[in-house]
Amino acid sequence: GSRARVLLSGTDAVANVRKRLLARLPDLPLTHRPALLTLLGDILAPHEEYETEAEARYTEALALDPGHGAAREALGRLLARQGRLEAAIDPLIEASRHRDIPPERAAEDAAIAARALLELGQPARAEQILKEALRRAPDSQRALLELARLYERLDRTTEQAIVLENLAQLPLSSMLRAEVS
């Protein structure tokens, strides 16, 4: 998965990797195609000129396997990165609940969805998604930080203080340390 993306995208031009993966697609059993399409989307998505095709590949993977967590997660993250918040929310929420997505990563998906929900004026739903993610990954720094931001925006200072205290007890990455400060 991610190791293959790094190796493939770093050793060959994106167009060549794309061509080779597409050539393999018809030979794969239907059950393996969603994974290959998701891999292809993951290779294409970081390149602005291929974002539209990456979205199409994720959508194609989901058409073959609607329960494919990695495709749903990648589609949601791509849409969020493009600023298409309303479209990103459902795939991200579904990914945050998916059994095949590791809890910490699922909590990050929930945090991205919650931020979008908050921007779209849905704080109650954002809080619900974050609390659900934190039940699965209670030490998720990203989810805790988003919950603290939500409480700050809603002027719920007592709850914000509790979340920040929990966050302060975790070994924060330097990036999160800067955000919390």
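Everything in this summary refers to the structure shown in the same document.

1. A word on the overall build of the protein chain
Secondary structure assignment for the protein chain yields eleven helices and zero strands. Evaluated residue by residue, the protein chain yields a buried proportion of 43% over its 181 residues. Sequence separation of 24 or more characterises 54% of the internal contacts of the protein chain that already satisfy a separation of 6 or more. With an accessible surface of roughly 9800 Å², the protein chain has 52% of that area assigned to carbon and sulfur atoms.

2. With respect to the packing of helix H2 (residues 14-24) against helix H3 (residues 33-44)
Closest axis-to-axis distance for the H2/H3 pair is 10 Å, and the angle between their directions is 170°. Judged on the interaxial angle alone, H3 and H2 are roughly antiparallel. Along its contact with H2, which presents Val14, Val17, Arg18, Leu21 and Leu22, the element H3 presents Leu36, Leu39, Leu40, Ile43 and Leu44. Among the residues making up the contact of H2 with H3, the classes are represented as nine nonpolar, no polar and one charged.

3. Describing helix H9 (residues 141-153)
Two residues of an α-helix separated by three or four positions point the same way, owing to the 3.6 residues in each turn. Taking 1.5 Å per residue, 13 residues should reach 18 Å; H9 reaches 18 Å between its end C-alpha atoms and fits that length. The set of residues buried in H9 consists of Gln141, Ala143, Leu144, Leu145, Glu146, Leu147, Ala148, Leu150 and Tyr151. Downstream of H9 by one or two residues, Asp155 has phi in the positive range, about 60°.

Basis of the calculations
- Residues numbered from 1 in each chain as written.
- Predicted model: local features only at pLDDT ≥ 70, side-chain atom pairs only at ≥ 80, totals over all residues.
- Heavy atoms only, no water.
- Helix = DSSP H or I, 4+ residues; strand = E, 2+ residues; numbered from the N terminus.
- Buried < 20%, exposed > 50% of the residue type's maximum accessible area, 1.4 Å probe, protein only.
- Contact = heavy atoms within 4.5 Å.
- Areas by Shrake-Rupley, 256 points an atom, 1.4 Å probe, with all protein chains shown as cover.
- Axes fitted to C-alpha atoms, helices over the stretch in contact; angles between N-to-C directions.
- Parallel < 35°, antiparallel > 145°, perpendicular 65-115°, else oblique.
- Nonpolar A, V, L, I, M, F, W, Y, C, P; charged D, E, K, R; others polar.
- Expected span 1.5 Å × (residues − 1).

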